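# Structural features, examined
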Amino acid sequence: EKTGLYAEITAENKAAALADVAALKEKYEALTQAQKDFSEKYSLVGELKEKISAFEAQQTLKEAAEAVDALIAGIGRVENTSACKNKIDAARAAYDALSAEAKALVSGLSALEKAESDYAALQESSEGSESGSSSKADSGCGSSIGALGGLMATAVLAASAALAAKKKSDDK
């Protein structure tokens, strides 16, 4: 049984599995109808295609979750600055855009929640005092504002990967 070689689709065997699907399909199409009627193995092609699709969907979810984890890790030390707030908001927006399956793969949710909480506490402690944010307005979360563009792009990529994964699962 050919699919026995592909009990699990991985990045290493995906290309070979796709090539086998194409070869099996070509051989099947060359059969006469009588031969097709007796063919028990063609159903294996469908099973293999399903395994490949499931692997691709899981990879998409994993990549989306990893992108969100990267945004969360990019927050760093929380400061009372607009740059820091933007990083926290970008990470939250990217997380919220994920499907439930992808959210389950995000390992940094507690760090994001802590950053949100810490930022809120800093905001509260600096209310009425202008010294909290005026001297560090552009240095938030331990890096320059220039990194914000990259973070926003990553957030957009994470959101689109999550939407693609959702569409793939909805198409089944």
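The present account deals with the structure reproduced in this document. As the structure is a computational prediction, the values presented were derived from the model and not from experiment. (Residues numbered from 1 in each chain as written. Predicted model: local features only at pLDDT ≥ 70, side-chain atom pairs only at ≥ 80, totals over all residues. Heavy atoms only, no water.)

Here the focus is the environment of Ala54. If you trace the backbone, Ala54 turns up in helix 3 (residues 42-73). Sequence spacing of Ala54 and Ile9 is 45 residues, and the spatial spacing of their C-alpha atoms is 8.5 Å. (Helix = DSSP H or I, 4+ residues; strand = E, 2+ residues; numbered from the N terminus.)

On to the pattern of salt bridges, then. Overall, the coordinates contain six salt bridges when judged by the stated rule. Residue Arg77 pairs with Glu79 through a salt bridge whose shortest N-O separation is 2.4 Å. You can call Arg77 exposed: its relative accessible area is 55%. With its nearest N and O atoms 2.9 Å apart, the salt bridge here joins Asp89 to Lys85. Of this pair, Asp89 and Lys85 both sit in helix 4 (residues 82-97), four residues apart, roughly one helical turn. (Salt bridge = Lys/Arg side-chain N within 4 Å of Asp/Glu carboxyl O. Buried < 20%, exposed > 50% of the residue type's maximum accessible area, 1.4 Å probe, protein only.)

For the rest of this paragraph, the subject is the packing of helix 1 (residues 14-30) against helix 3. Helix 3 packs onto helix 1 with a crossing angle of 150 degrees between their chain directions and a minimal axis gap of 10 Å. Between helix 1 and helix 3, the angle is such that the two are roughly antiparallel. Two packed elements cross with a definite hand, and for helix 1 against helix 3 that hand is left-handed. Residues Lys14, Ala17, Leu18, Val21, Leu24, Lys25, Tyr28 and Glu29 of helix 1 form the contact with helix 3, whose participating residues are Tyr42, Val45, Leu48, Lys49, Ile52, Phe55 and Glu56. Within the contact of helix 1 with helix 3, the residues separate by chemical class into 10 nonpolar, no polar and five charged. (Axes fitted to C-alpha atoms, helices over the stretch in contact; angles between N-to-C directions. Parallel < 35°, antiparallel > 145°, perpendicular 65-115°, else oblique. Left-handed = near helix turned anticlockwise from the far one by under 90°. Contact = heavy atoms within 4.5 Å. Nonpolar A, V, L, I, M, F, W, Y, C, P; charged D, E, K, R; others polar.)

To continue, consider the packing of helix 4 against helix 6 (residues 109-126). The interhelical angle for the contact between helix 4 and helix 6, taken along N-to-C directions, is 140 degrees, at an axis separation of 10 Å. Classed by the angle they form, the pair helix 4 and helix 6 counts as oblique. As helix 4 packs across helix 6, the resulting crossing turns out to be left-handed. In this structure, helix 4 uses Lys85, Ile88, Ala91, Arg92 and Tyr95 to contact helix 6, whose residues at the interface are Leu109, Leu112, Glu113, Ala115, Glu116 and Tyr119. Tallied by class, residues from the contact of helix 4 with helix 6 come to seven nonpolar, no polar and four charged.

By themselves, these figures tell us nothing about what the structure is for.
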